[in-house]
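Structural overview for review
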Amino acid sequence: MAVGPPVALLIEDELQMRRFLRAALESHEYQFVEATTARDGIAQAASRNPDVILLDLGLPDGDGIDVTRRIREWSTVPIIVLSARGREQDKVEALDAGADDYLTKPFGIGELLARLRVALRHSAQPASEPVFVLGGLRVDFEHRRVFVDEVEVHLTPTEYKLLGALVRHAGKVLTHRQLLKDVWGPNAVEHTHYLRVYMTQLRHKLEKDAARPRYLLTEPGVGYRLQGE
Amino acid sequence: MTGRRPDPEALLARVQEEERRAGRGRLKIFFGASPGVGKTYAMLEEARARRRDGVDLVVGVVETHGRVETAALIEGLEILPRRSLEYRGGTLKEFDLDAALARRPSLILVDELAHTNAPGSRHARRFQDVEELLAAGIDVYTTLNVQHLESLNDVVAQITGIQVRETVPDSILEQADELEVADLSAEDLLKRLEEGKVYVPEEAARAIERFFRKGNLIALRELALRRAAERVDAQMRGYMREHGIRETWPAGERVLVCIGPNPAGARLVRAGKRMATSLKCDWTVLYVEAPGQRISASDREALVQNLQLAEELGAQTATVSGLNAAEEMLAYARARNVTKIVVGKPTHSRWRDKLFGSTLDRLVRGSGEIDVYVITGDVADAQRAPAPRAGQGSPPGEYVRAALVIAFCAAISFPLSSRLSVTDVAMIFLLGVVFVASRYGRGPSVFASLLSIASFDFFFVPPRFTFSVSDVRYALTFGVMLAAALVASHLTLRIRAQAQTARDRERRTGAVYAMSRALAAARTPADLIAIATRHLTDTFNADMQILMPDPAGRLEGGTLDEKERSVAQWVFDHGQRAGAGTDTLPSASGLYVSLAASTGVVGVLAVRAAEPTRFEDPTLLQLLETFAGQAALALERAQLADRAQKEEVEVEAERLRTSLLSSLSHDMRTPLGAITGAASSLLEDQGKGITEPARRELLQSIVDESNRMNRLIGNLLDMIRLESGALRVQAEWQALEEPVGVALIRLGERLQQHPVQVNLPRDLPLVPMDAVLIEQVFVNLLENAAKYTPAGTPIEIAAAVLDGVVRVDVLDRGPGIPAGEEARIFEKFYRVAGGGPATGVGLGLTICRGIVTAHGGRIWVENRSGGGAAFHFTLPLGSTPAPSVPGELGVE
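Attention here is on the structure that accompanies the text. (Residues numbered from 1 in each chain as written. Chains lettered and ligands numbered in written order. Predicted model: local features only at pLDDT ≥ 70, side-chain atom pairs only at ≥ 80, totals over all residues. Heavy atoms only, no water.)

Regarding its fold elements, chain A presents eight helices and 12 strands. The buried share among the 229 residues of chain A stands at 54%. Look at the contacts in chain A between residues 6 or more apart in sequence, and 59% of them connect residues 24 or more apart. If you sum the accessible surface of chain A, you get close to 10400 Å²; carbon and sulfur atoms cover 49% of it. (Helix = DSSP H or I, 4+ residues; strand = E, 2+ residues; numbered from the N terminus. Buried < 20%, exposed > 50% of the residue type's maximum accessible area, 1.4 Å probe, protein only. Contact = heavy atoms within 4.5 Å. Areas by Shrake-Rupley, 256 points an atom, 1.4 Å probe, with all protein chains shown as cover.)

In the segment running from lysine 105 of chain A into proline 106 of chain A, the intervening peptide bond is cis, with an omega of -5°. Looking at the secondary structure, you find proline 106 of chain A in the loop between strand 5 (101-105) and helix 5 (109-124). Its identity is not glycine, yet asparagine 49 of chain A carries a phi of approximately 50°, on the positive side. Residue asparagine 49 of chain A is classed as exposed on the basis of its relative accessible area, which comes to 57%. Phi angles above zero are rare outside glycine, and aspartate 803 of chain B is one such case at about 25°. For aspartate 803 of chain B, the location among the structural elements is in the loop between strand 22 (795-802) and strand 23 (805-812).

Bringing the pattern of salt bridges into the picture now. Summed over all chains, the structure comprises 56 salt bridges over all chains. A salt bridge links aspartate 809 of chain B to arginine 807 of chain B; its shortest N-O distance comes to 2.9 Å. Of the residues examined, aspartate 809 of chain B reaches a relative accessible area of 6% and is grouped as buried. Given the relative accessible area of 24%, arginine 807 of chain B is considered partly exposed. One continuous salt-bridge network, built from bridges that share partners, spans Asp101, Glu111, Arg115, Glu219 and Arg225 of chain A. (Salt bridge = Lys/Arg side-chain N within 4 Å of Asp/Glu carboxyl O.)

All names here are of chain B. With 57 residues, the main nonpolar core has Leu736, Phe778, Phe871 and Phe873 as its most contacted residues. Counting residues per element, this core draws most heavily on helix 25 (residues 771-788), at nine residues. Sequence-distant contacts of phenylalanine 778, that is, excluding residues within four places in its chain, are made with Leu736, Pro739, Val740, Ala743, Ile797, Val808, Val810 and Phe873. (Core = buried A, V, L, I, M, F, W, Y, C linked by side-chain atoms within 4.5 Å.)

Enumeration over the complete set of coordinates arrives at eight aromatic pairs over all chains. Here the aromatic rings of tryptophan 184 of chain A and tyrosine 198 of chain A are separated by 5.3 Å at their centres, their planes lie at 55°, and the arrangement is tilted. Within this pair, whereas tryptophan 184 of chain A is found in helix 7 (residues 176-184), its partner tyrosine 198 of chain A is found in helix 8 (residues 192-206), the two being separated by 14 residues in sequence. Ring geometry for phenylalanine 826 of chain B and phenylalanine 871 of chain B: centres 6.3 Å apart, planes at 80°, overall edge-to-face. In this pair, phenylalanine 826 of chain B sits in the loop between strand 23 and helix 26 (844-854) while phenylalanine 871 of chain B sits in strand 25 (residues 869-876), placing the two residues 45 residues apart along the sequence. Taking relative accessible area as the criterion, phenylalanine 871 of chain B reaches 8% and is therefore assigned buried. In textbook terms, an aromatic cluster arises when at least three aromatic residues are bridged by ring pairs, as seen for Trp184, Tyr194 and Tyr198 of chain A. (Phe/Tyr/Trp six-rings, centres within 6.5 Å; stacked < 30°, edge-to-face > 60°.)

Take the pairing of strand 12 (residues 340-344) of chain B next. Residue and element names in this part refer to chain B. Of all the five residues making up strand 12, five are buried; the element is thus mostly covered by neighbouring parts of the structure. Side chains Lys340, Val342 and Gly344 of strand 12 all project onto a buried face; the interleaved residues Ile341 and Val343 project onto the opposite face, where all are buried too. When strand 9 (residues 254-259) meets strand 12, the two strands line up parallel, connected through three bridges. Bridged to valine 257 within strand 12 is valine 342. With five bridges joining them, strand 12 and strand 13 (residues 371-375) adopt parallel strand pairing. Along strand 13, the bridge assignment pairs valine 343 with valine 374. (Pairing = 2+ DSSP bridges.)

Below, the discussion takes up a nonpolar patch on the surface. Together, Ile713, Leu717 and Ile720 of chain B make up a nonpolar patch on the protein surface, roughly 250 Å² of accessible area in all. Note that isoleucine 713 of chain B resides in helix 23 (residues 692-723). (Patch = residues over 30% accessible without salt bridge, like charges linked within 9 Å, V, L, I, M, F, W, Y side chains within 5 Å.)

On the chain A side, the residues contacting the 33 residues of chain B number 31 residues. In total, about 2700 Å² of surface goes out of reach between chain B and chain A, with carbon and sulfur atoms giving 52% of it. On the surface where chain B and chain A come into contact, there are four salt bridges. Viewed at the interface, chain A and chain B are joined by nine residue pairs in polar contact (both at pLDDT 80 or more). Top contributing element to the side of chain B that touches chain A by residue count: helix 24 (residues 737-747) of chain B, with eight residues. (Buried area = accessible area lost by both parts, 1.4 Å probe. Polar contact = N/O pair within 3.5 Å; in protein donor to acceptor, adjacent residues only side chain to side chain.)

Structure below.
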């Protein structure tokens, strides 16, 4: 657990982005470190030991995904990747390579800060709690019971497992691959249709309006996320 | 020489010929009258000369037969190793065609064009190997004796008394680029024979002695020289035609040769070939089949061979069916403007002619202005007009029934015999006999007439109840009754036989028609293949597969093993038949026919019948080729339609590209203007003048306009991807409610003024789609709905499964679409007139259409009853159902 303000490392080559992020993060009591190239970024990650890393996927001298892998070799620091719209492939790859979450440019400060919070929270307390509450959703892990607005909902074992995976990473995105591996095992990582069916079932059981989910958010092309806060 | 204009037809033919030849190798034949005249020697000499000129030359196969001088000429030349084939316990060394094709020299020497290859070689004959070499662009030198020419085969046999079996079709000679005659006088040749310089295989010694008689040699020499001269003549004519040099041209002739199912027909065919060659006209060989006629297996085989021979010699062949051979021949001849008919001399006895009429006589009498040539060699009695046999003899049941009819006649006449005269009774019996004749076969009718005579005689003719006759006049009655019976039965049988033939013919045509109709209705090539295969299998009762090439030209599909597949590939590459029952690769287990359409070979049909020799029957083969032709045309049509559609898409894309640039700048700069204005005002202000609420307003407008620009850029990028063809649909099984949900969240505030109702059926199946793209479709549709409809009006999203697609509806209660604009609103940059402020660039619906079309669906809009617009789009569910999801045990 870091003492003092959390250190955020930004690896980003665009001047304007760095300017805005510096202003935003420093004004919200983050200690801000920046690097403009992949090499520099890795070096800074190693020497400054940040609490969270913001990594742009479009770096000039290196593949953001490579950087993620390299850092993951010796650190579990949360990494949030920044990417443009329409590059879902890159995001999925980065997430599967070890990144924790992503932001799609252009993004607003609110979104950024929310993701940072979630990332820091998960890194600070990886252990799960016996009861999880989010809005009207309550998951009692000890007794394996789920309630929505105090009404118990009966889930099948798989549905429960799926919900559990999302809850354990509440607020963070989970790729299809990660979810499939978690719930069905490594042999099922190609079977995205399992996820569709079960997520649909979960949505219909837990959400008031399945077409406008409050808790179970779809990240198109990437995966799913349980609403953070 | 003063010329007329060169004949354009001839020129066109020449150009086409040259084009055809452009890729072909050149063939030079060293031609001689007999073995020993020095053809191989001449070939090798010339080869050495070419080699000195630097031509890349390879010796494919040259027989030196141990002659020292010939062997000396080969020295120093590159020799292609022969292929060893196991045959009957021994090893044979054959010309290695594949090695030659792989080596691909400029020129190759292949001796003895008429040689028959050992079994296991790709082609049955060496001249087929040479064909393939030429088609691959390799020049060939080869040698050939005059007795090996197909059309001269019987003439040579007559001269020398030896029938040569290995023959080469004349077309090879005619197509050869150069012909060099190795000529030696008879005396010189005999001298060489004595000197032992002529190769004589041991076994044939005696035969060769007979061959090498001076008279023979002179005659052969003349034949060879004459044949070569004919070729030169043809070349000269060609030259004259091309250069407009006038010449006398014989009036258009056509020759028709009529053959029957016996070996002597070959002679007729060859005679026809000679006549056609000398008249320089087209010729056809016709076989008239009598329906219900039974031919022995060997006769049928002879017929097949004769027809094949005819085709090899360049004739068209046809088989028609009819009872009256002469009639059929004349009808066919007249329909095709035949000027000369060739038939064989009849060899059956004259009594047959007297009884049944002579085919020849009828032919000659009916020939009118057509010349009839009657030559020796054919046995024309295969045409048995008046006595067809409809299958086997009649079953015994019919005899019994015939007897019953006669008995019935007798029975009714008996009580009336006192009232009726004998003549009347005879009439009743006659009626009975005619009735039997009209229904049963000849046997029963003859039996009935005899029985009726007997009953008539016994019961009614005085003295009654005896078989004796008191009045000789009754003999006449008996005779008439018998004759009537025979005539009636003959007529009926004939009609029935003709009806049967017509039915058969109709059935065959019907089958072809049925397939054509089915093919016309098919949409995709896959459907076509399935339909064609089904029809073929049904019609021919054999296992049929159609193999199509991939873009690289390799055949794919079907269930064939390696060896069979390579045969099929060969057929595809060369556009010829191969496999069981043909001359090429006859050891294959299936017959492979190329599907040739106007643009070339589109595929290969693989036929596997239980009895592989079934398809040697030319009628069946012809029918198969017809079917194959239909299928090929249909496939080609589908492919061309496909291509046309793709090109349409290209053209459309091009249009899109150009009109994109025009509206762009204005629409981009508008939000930019607002942003620049607001930001610079704030900057300029430096803390004075602008109030806090005003400041917030300006900042908000910067954010809003930026978002707007973001969306615009997104639209543009989508548009660019669409039209550059870079829009790739990554379809996965998706639940429709997910993109809906994402779109709703993304639009967020902009939908504030509109309550959105989502009605998706609970059991909606997974749909194959690209989630990101479909989300964009929803965003665009909902955005439009929000923009163009009054605040407070509801928007509804619904979906339904129909017929292989999911139809999604986005409905609003706005002003709807102006009548007539329903198609135009999907065009680029189209905006409904009178839209609200900040209505966007007009690309949203175009993008929707692009995305939906890329998924294989359709998008359209209708006005709703009660006001408002209803946008619908379909997404195909695909032909394979969604994969299943493993169930679970127990429920929590």
